Amino acid sequence: MTIKPDMTTDGVLTADTHLIQSFADLNLLKQDGARTVIVGAEGSMVRDSEGNELIDGIGGLWCVNVGHGRKEIIDAIAQQLNQLDFYSTFYNFTHPTAAALAEKIASLAPGPLNKVYFANSGSVANDSAIRILHHYNNRLGRPKKKKILSRIGAYHGSTHLSIAMTTPAYSDGWDHAEGLVHHLKSPHFWREGDGMTEAEFCDSLVQDLKDTIENIGAENIATFIAEPVQGAGGVVMAPDGYHRRMAAVCEDYDIKYIADEVVTAFGRLGHFFASQDIFGYTPDIITTAKGLTSGYQPLSATIVSDEIHEVISRPGGMFLHGMTYSGHPAAAAAGLANIALMEKEQIPERVRTTGKLFENTLKGLSDLHIVGEVRGSHFMMGIEFVKDKATKQGFAPEDAIGLKLARAAQKRGLIARPLGNILILSPTLILTEQQIGQIGNILRDSIEEVTRSL
Ligand code: PMP
């Protein structure tokens with residue numbers, strides 16, 4: 001059966017004029033129409049409508065962790081749909097797949113994080129975390145304890161609330177929930193730590209948190225939300241010990257710590273969850289999505305501690321929060337099959353070797369003239385380009401350096417994601433050593449070509 005007619009590239013692009021792209025310059029797209037039509041994918045490769053085979057250097061969008069076209073997940077989804085296409089998890093209904101996935105996630109998450117709320121995106125996972133914490137404080141008779149601390153450089157999503165928690169640069173010209181969020185300083189040592197050692201910089205960030213809490217009042221602050229490694233804000237690793245120290249301050253002031261592990265969980269940094277296993281702190285809530293199903297189905301999880309759940313399930317109130325597709329059977333089946341595959345093939349363990357090779361390969365580009373900083377960890381990397389290495393002066397937006405580099409790389413068979421002066425690489429977690437070498441060579445050639453053209 002043909003579900004839709006085969007289309008030529010032009011046919012797709014004509015139809016595509018009806019589609020509103022995400023995070024795009026819609027005016028530019030209208031003018032140059034330069035879009036790549038992806039028609040197929042397998043392993044770490046994707047194929048475009050012109051027959052080009054490209055290395056998927058961004059893993060879909062930081063999400064296709066186990067690689068494309070994995071039959072185990074596709075079959076599990078089909079099997080689930082044949083057995084039960086849909087039922088909700090509202091009221092007193094549940095179904096075996098959502099229950100089993102919640103139990104599995106609880107077994108993988110740090111100790112006290114045992115209760116899982118499903119939704120369909122990282123944005124809604126974060127909104128859900130905030131709604132749950134606000135309700136938690138209402139239940140405890142603390143109706144004023146609602147403000148949110150986030151950070152410059154954060155990315156937490158695109159809904160009205162999650163964009164408010166995201167770094168202000170992402171809502172330029174757009175509105176969001178006003179007055180609820182305070183942004184703490186960026187943890188980016190290379191950019192912000194001038195004149196300090198890394199340890200002194202870390203001290204200053206912890207002090208910023210303490211000062212902010214004293215100014216706003218702990219009785220008015222519900223939570224601090226932070227990604228273990230900032231992703232879409234430019235792949236920023238915080239200084240050593242930062243998360244542990246921030247978590248300790250939050251605990252002292254009775255402020256809940258939300259670790260946004262939408263990107264960092266499910267193997268990208270070599271562990272199922274990064275907060276405890278890599279950075280040594282236990283948050284009160286973890287939000288995750290992307291690698292949970294490796295992108296085969298839209299699914300997110302807000303994983304809350306037993307203590308929070310105990311409060312919100314006391315007599316005298318309802319859990320008035322729900323999405324029709326929360327725990328959708330097909331999405332839950334994809335999650336279970338994806339995790340089973342990760343365990344069977346020991347993907348997180350393998351990432352500790354191959355991801356490290358990837359990290360070192362990209363760090364090997366640091367000698368190039370316009371490479372300011374190569375940063376990140378394992379399969380979550382960013383390269384920031386500068387006009388002047390000594391002053392770290394960046395390129396002007398009209399130089400479109402990221403875009404030029406991404407195009408030069410794509411011409412050579414690699415998809416990378418441009419973000420202003422930064423190129424982001426977040427590939428599948430199953431890259432071979434040979435593909436890692438190939439990515440290093442393509443990036444070097446592309447950077448050299450663009451440097452010559454400047
Ligand atoms: N948090 C983080 C850390 C993210 O990187 C993203 C998406 N890139 C989100 C939340 C939002 O997830 P979604 O796009 O699925 O809403």
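Residues numbered from 1 in each chain as written. Predicted model: local features only at pLDDT ≥ 70, side-chain atom pairs only at ≥ 80, totals over all residues.

J.: Let's hear about the domain arrangement of the chain: which residues, and what values?
T.: Taken domain by domain, the chain comprises domain 1 (9-66 + 347-453) and domain 2 (72-344). Taken together, the contacts link 25 residues of domain 1 with 23 residues of domain 2. For the side of domain 1 that touches domain 2, the elements supplying multiple residues, two or more each, are α3 (59-62), α14 (347-363), β13 (371-377), β14 (380-388) and β18 (422-425). Counting residues per element, the side of domain 1 that touches domain 2 draws most heavily on α14, which supplies five residues. (Domains from an automatic or database assignment. Contact = placed C-beta atoms within 7 Å. Helix = DSSP H or I, 4+ residues; strand = E, 2+ residues; numbered from the N terminus.)

J.: Tell me what's going on with the sheet that holds strand β4 (residues 113-119), and back it up with residues and numbers.
T.: Spatially, the seven strands line up as an open sheet ordered β4-β12-β11-β10-β7-β5-β6, and their pairing is mixed. The strands lining the two open edges of the sheet, one partner per strand, are β4 and β6 (181-184). Put simply, the sheet's adjacent strands are angled 20° from each other on average, direction ignored. Examined bridge by bridge, strand β5 (residues 147-151) and strand β7 (residues 221-226) share three bridges and lie parallel to one another. From the neighbouring strand, L149 faces β7, where its bridge partner is F224. Helix-sheet contacts for helix α5 (residues 96-108) involve β4 and β12 (300-305), and the interaxial angle to β4 is about 135°. (Pairing = 2+ DSSP bridges. Axes fitted to C-alpha atoms, helices over the stretch in contact; angles between N-to-C directions.)

J.: Tell me about the packing of helix α9 (residues 198-216) against helix α10 (residues 242-252), and please be specific about residues and values.
T.: In the contact formed by α9 and α10, the axes pass within 10 Å of each other and the chain directions differ by 20°. Taken together, the axes of α9 and α10 are roughly parallel relative to one another. As α9 packs across α10, the resulting crossing turns out to be right-handed. For the pair formed by α9 and α10, the contact residues are C202, L205, V206, L209 and K210 on the first element and Y242, R245, M246 and V249 on the second. (Parallel < 35°, antiparallel > 145°, perpendicular 65-115°, else oblique. Left-handed = near helix turned anticlockwise from the far one by under 90°.)

J.: Quick rundown of the pairing of β4? Include the residues and the values.
T.: Counting buried residues along β4, six of its seven residues qualify, which places the element largely inside the surrounding structure. Taken together, the six bridges between β4 and β12 define a ladder with antiparallel strand orientation. Bridge pairing in β12 places F118 opposite A301. (Buried ≥ 20, exposed ≤ 12 C-beta atoms within 10 Å, placed from the backbone.)

J.: Give me the lowdown on the site of the ligand, citing residues and values where you can.
T.: Taken together, the neighbourhood of the ligand is formed by 14 residues, with S121, G122, S123, G157 and V262 sitting nearest. When residues in the shell around the ligand are grouped by element, the largest group, three residues, is from helix α6 (residues 122-139). (Near = placed C-beta within 6 Å.)

J.: Just give me the short version of the sheet that holds strand β1 (residues 38-42), but keep the residues and values in it.
T.: A sheet is described by the order of its strands in space; here four strands give the open sequence β1-β2-β3-β16, paired in mixed fashion. In the strand order of this sheet, the two ends are held by β1 and β16 (414-415), each with one partner. Bridge analysis of strand β2 (residues 45-48) against strand β3 (residues 53-56) gives three bridges, and the strand direction is antiparallel. Opposite M45, over in β3, you have I55 as the bridge partner.

J.: Can you lay out the environment of E50 for me, pointing to particular residues and giving the numbers?
T.: Mapped onto the secondary structure, E50 falls in the loop between β2 and β3. By the C-beta count within 10 Å, which is 9 here, E50 ends up exposed. Between the alpha carbons of E50 and S275 there is a distance of 42 Å; along the sequence they are 225 residues apart.

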